[in-house]
Amino acid sequence: MADDPKKKGRDRELVSEQEHEVAYLMRTAKATRQKALEAIREAGPSREKVMAFLQGKWRHKK
């Protein structure tokens, strides 16, 4: 549950380095823990970008 009940939906769009988040990425993307953490650090907190990184479709834009 979100800290503020008025804020809805945004939580699902973000990913963090918390254990349950990393475990979810490992399970859904069939990635190692190291690769999941690397994806979060490289792609940022966007779940969409992290999944693209793990699938090899992410391109870093500077």
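See the structure shown above.
Bear in mind the structure is a predicted one, so any value in this text is a computation, not a measurement.

## Some words on the nonpolar core
If you look at the biggest cluster of nonpolar residues, it comprises 13 residues, and the most contacted ones within it are Leu25, Ile40, Val50 and Leu54. Of all the secondary structure elements, the ones that give two or more residues to this core are α1 (19-29), α2 (33-43) and α3 (47-54). Residue contributions to this core peak at five residues, all from α2. Once residues within four sequence positions are removed from consideration, Leu25 is found in contact with Val15, Lys30, Ala31, Ala36, Ile40, Val50, Met51 and Leu54.

## Some points on the environment of Lys30
By the secondary structure assignment, Lys30 is in the loop between α1 and α2. A C-alpha to C-alpha distance of 9.7 Å links Lys30 and Gln55, two positions 25 residues apart in sequence.

## Describing α3
Counting buried residues along α3, six of its eight residues qualify, which places the element largely inside the surrounding structure. Residues of α3 that are buried: Arg47, Val50, Met51, Ala52, Phe53 and Leu54. On its buried face, α3 is in contact with α1 and α2. One or two residues past the end of α3 sits Gly56, with phi positive at roughly 80°.

Basis of the calculations
Going along each chain's sequence as written, the residues are numbered from 1 onward. Totals for whole chains, interfaces and linings use every residue, but because this is a predicted model, local features are given only for residues with pLDDT of at least 70 and side-chain atom pairs only at 80 or more, for both listing and counting. Values shown for side chains rest on all heavy atoms present in the structure; no hydrogens or waters enter the calculation. We call a set of buried residues a nonpolar core when its members are Ala, Val, Leu, Ile, Met, Phe, Trp, Tyr or Cys and they connect through side-chain atoms within 4.5 Å of each other. In this scheme, a residue with accessible area under 20% of its type's maximum is buried, one over 50% is exposed, and one in between is partly exposed, where area comes from a 1.4 Å probe on protein chains only. Secondary structure counts use DSSP, requiring at least four H or I residues in a row for a helix and at least two E residues in a row for a strand, with both numbered from the N terminus. We call two residues in contact whenever any of their non-hydrogen atoms come within 4.5 Å of each other.

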